[in-house]
Amino acid sequence: MAQYHFAATLVCRSKGQSAVAAAAYRAGVRLEDERLGKTFDYTRRRGVLHTEVCTAANDQRDRGQLWNAVEKSEKRKDSQLARSIDIALPHELTLGLNLELVRGFVREKFVTQGMIADFAIHAPGRKGDIRNVHVHILLTTREIAGQGFGPKVRAWNGKTELLEWRKAWADHANRILEREGFEERIDHRSLSDQGIDREPTTHVGPVGKEMEERGDVSDRAQKNRDIKSTNDNIELLEKELAESEKRLAELKQQQAAERMGQIQKTIRAADAVWKKAEERWPSPDRPPEPQPPAPVPPLQPQGPSPYPETSAPPVSAGGKAVSMPDDLSKAQKQEADRQKQAQDDLLAREQKALDDEKNRLQQLRDADNKRVEDLAKQNADRLAALAEEMRQLHLRLDAQKELLARLDAHRAEQERVAADARGKEEIERQARLEALARASSIREAGLRYGEALRQNYDIRDPYASLAKTAIAEHAAFRRDREAYDQQIAKTADPQERQALDLRKRIEGAEYLAMTGDRIAQQSVIITGRRDSDEAVKFRKRASDYRIEAQDLRQQLRELQLENAPGKDLERERSELQPQNVRRPGGPPPNQYDPLIKKVDDEAKARELAAGKDPERKQQQEKELERQRERGRER
């Protein structure tokens, strides 16, 4: 999706920058800086899709004339020359739509306010993200006054103005994305202002990307990886928390459904029991249904008969049997009591069964309620544990943010102190160079190596120290040459310019001669032969550079003698003639490295021994050939 990136910086002389160089680099063209007398050629730069200079009058402005005029309008050595804005373009849009977007934004927010905008649209880098289509906008800092420039507008440097530009770019881009039917949108606000709980990453930059491609670890890239890991952990915890809440809701719903089913089942069972009971025993509120009379059982004597067994029952005078005594009603009453007692016992048993069933259903309900409460408590405890874990994670994240902020502040302070120290050292070095140049002295090539060795040598890591020393020596040599170029550009006297040019060429020839000697010595150490091809070639090259330096010194002496006829010739010869310089046809310098002497003595001894033994001589030659191959590979 489209990404938001809007970065604004200033092109300043205090940083050693040039507006002409910045314009040439962004547009991929060749421009000449008239103030510095330098030419900046970036015509071989690839990936420049479109360049354009926008003015309020829509006139055609030459890029070189525009930025040279900007350089001429600034007089201070720490002037702010231009404002540079880098913006990421939506990769969903075509080049034509992106060009329309950039033109509309530049004209509305910059050109209408009185600025001149020089913008260049760049394609993604070969090794970068293929979606990284971006635009570089270079803006003037002064008002337009006719064909020149007026005073600077300090309001353009305000934070409020920058925030307005950032918001306007998001609005312009979103309007075109919506018009073209894309759902993607960009937002100029920070993640915290958008309500997104995620730590933002930092811009790695080309230097960090190049370090990562080489296999080195970039601090910014490592910081982004740590932030991404933390964001992923937070997102994972939030997802787990959402899933837990969802599972808890589903579990509560399932528990409620099960509980309702159990209750309904219990109610149906209770209804069936009550219905069965009502069918057996009517309710006392309604009258009992009439029951048919029970058949009277035959009466039987309750005790021994008062009559003899052989005698007939007494009869009346009319031939009828005499009536029985009143014991019959007593027996019926006893039978009725017995049946009532049996009914009461049955009703008691039914009531007890019903009560037992109710108790059992109540126990089931209580058990279900307890299980739901236990599950809810477990889920509440788990959610509390997750919340505590997230709180601890946020605390660790805040601590990490604070640590990173302190680390950034410490690094910034160290960089500032180092920059101040480098600035003071550079000022002192320039002063020394100017003093040496005014005194007509030429710096010896070995002094740079000695100074670099004192600054970079570490006894714990000698090989890395020597590598840093060589790099620092070469950087010092380049700075000296740039200082000579600046002095030559500032000097109006032709003879003084010629003298400075001769000094520059002398130092360069002596530096190359010393470098050739070092490479020849290394070749002797690697191959074990002083007459190896590389040693001979670089020794010859060093000798030629020394001869060239001697000739240039002779030209400088002649030029100085012409300008100062009253000076002592012998004193100037002693000052200008360096030690250990080989004259044409003369012997080499009287310097012989002990290590090289040891290697040469061993090689001579091996050659002498090999001359007496032909087989050993052949083995020696093979070994030397292998050493040469290893030296060439290195």
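Residues numbered from 1 in each chain as written. Predicted model: local features only at pLDDT ≥ 70, side-chain atom pairs only at ≥ 80, totals over all residues. Heavy atoms only, no water.

Caption draft 1: Layout of the overall build of the protein. When its secondary structure is counted, the protein shows 14 helices and nine strands. The 634 residues of the protein split such that 28% are buried. Here the analysis covers contacts within the protein between residues at least 6 apart in sequence; of these, 66% occur between residues at least 24 apart. Accessible surface computed for the protein: about 42,700 Å², of which carbon and sulfur atoms make up 52%. (Helix = DSSP H or I, 4+ residues; strand = E, 2+ residues; numbered from the N terminus. Buried < 20%, exposed > 50% of the residue type's maximum accessible area, 1.4 Å probe, protein only. Contact = heavy atoms within 4.5 Å. Areas by Shrake-Rupley, 256 points an atom, 1.4 Å probe, with all protein chains shown as cover.)

Caption draft 2: Region of the structure containing the nonpolar core. Ranked by size, the top nonpolar core spans 34 residues in total, and within it F110, I137 and W169 carry the most contacts. Those elements that provide at least two residues to this core are β5 (80-88), α3 (95-109), β6 (117-122), β7 (134-140) and α4 (159-179). F110 has contacts with I85, F105, M115, I137, L139 and W165, leaving out every residue within four places of it along the chain. Ranked by size, the runner-up nonpolar core spans 17 residues in total, among them V11, A22, L31 and V53. (Core = buried A, V, L, I, M, F, W, Y, C linked by side-chain atoms within 4.5 Å.)

Caption draft 3: Main features of the packing of α3 against α4. Orientation of α3 relative to α4, taken along the N-to-C sense of each, is 145°, at an axis distance of 10 Å. When you trace α3 past α4, the crossing you get is right-handed. Note on element contacts: α4 touches α3 through E164, W165, A168, W169, H172, A173, I176 and R179, opposite L97, E100, L101, V102, G104, F105, E108 and K109. (Axes fitted to C-alpha atoms, helices over the stretch in contact; angles between N-to-C directions. Left-handed = near helix turned anticlockwise from the far one by under 90°.)

Caption draft 4: A look at the environment of T266. Counting through the fold element by element, T266 comes out in helix α6 (residues 219-280). For the pair T266 and R365, spaced 99 residues apart in the sequence, the C-alpha separation amounts to 9.4 Å.

Caption draft 5: Focus on helix α9 (residues 462-490). In this model α9 runs 42 Å from its N-terminal to its C-terminal C-alpha over 29 residues, within 8% of the 42 Å that 1.5 Å per residue would give. Of all the residues in α9, the buried ones are S465, T469, E473, A476, F477, D480, A483, Y484, Q487 and I488. (Expected span 1.5 Å × (residues − 1).)

Caption draft 6: Summary view of the packing of aromatic side chains. A complete count under the given rule lists six aromatic pairs for this structure. Their ring planes at 85° and their centres at 5.4 Å tell us that Y25 and Y42 sit as a pair that is edge-to-face. Taken as a pair, Y25 in helix α1 (residues 19-27) and Y42 in the loop between β3 (38-41) and β4 (48-54) lie far apart in primary sequence, 17 residues in all. Relative accessible area serves as the criterion here: at 37%, Y25 is assigned to the partly exposed category. Measuring from ring centre to ring centre gives 5.4 Å for F105 and F110, while their planes differ by 80°; the resulting arrangement is edge-to-face. For the pair F105 and F110, a shared accessibility class is recorded, and that class is buried. By way of ring pairs, the aromatic residues F6, F105, F110, W165 and W169 are connected into one cluster. We note R45 situated over the ring of Y25; from NZ or CZ to the ring centre the distance is 4.2 Å. Lying over the aromatic face of F538, R541 brings its terminal NZ or CZ to 4.9 Å of the ring centre. (Phe/Tyr/Trp six-rings, centres within 6.5 Å; stacked < 30°, edge-to-face > 60°. Lys NZ or Arg CZ within 6 Å of the ring centre and 35° of its normal.)

Caption draft 7: Just a nonpolar patch on the surface, in detail. Residues Y457, I459 and L466 make up a contiguous nonpolar surface patch of roughly 330 Å² in combined accessible area. Its place among the elements puts Y457 in the loop between α8 (445-456) and α9. (Patch = residues over 30% accessible without salt bridge, like charges linked within 9 Å, V, L, I, M, F, W, Y side chains within 5 Å. Salt bridge = Lys/Arg side-chain N within 4 Å of Asp/Glu carboxyl O.)

Caption draft 8: Region of interest: the pairing of β7. Taken across its seven residues, β7 has seven buried, putting it largely inside the fold. Going residue by residue along β7, you find H134, H136, L138 and T140 tucked away on one face and V135, I137 and L139 tucked away on the opposite face as well. Pairing geometry for β6 and β7, over six bridges, is antiparallel. Within β7, the residue paired with A117 across the bridge is L139. (Pairing = 2+ DSSP bridges.)

Caption draft 9: View of the pattern of salt bridges. Applying the stated criterion across every chain yields a total of 30 salt bridges. The partner of E100 in a salt bridge is R179, with the nearest N and O atoms 3.1 Å apart. Placement of E100 in helix α3 and of R179 in helix α4 is noted, with a sequence separation of 79 residues between them. Among the residues examined, R179 registers a relative accessible area of 49% and is labelled partly exposed. R391 serves as the salt-bridge partner of E388, at 2.6 Å between the closest nitrogen and oxygen. Remark: R391 and E388 occur in helix α7 (residues 327-438); sequence separation between them is three residues, near one turn of the helix.

Caption draft 10: Representation of the packing of α1 against helix α2 (residues 63-73) within the structure. Between α1 and α2, whose axes approach to 8 Å, the crossing angle comes to 150°. On the basis of the axis angle, α1 is roughly antiparallel to α2. Where α1 crosses over α2, the handedness of that crossing is right-handed. Between α1 and α2, the contacting residues are A19, V20, A23 and A27 on the first element and R63, W67, N68 and E71 on the second. Class assignment of the residues belonging to the contact of α1 with α2 gives a composition of five nonpolar, one polar and two charged. (Parallel < 35°, antiparallel > 145°, perpendicular 65-115°, else oblique. Nonpolar A, V, L, I, M, F, W, Y, C, P; charged D, E, K, R; others polar.)

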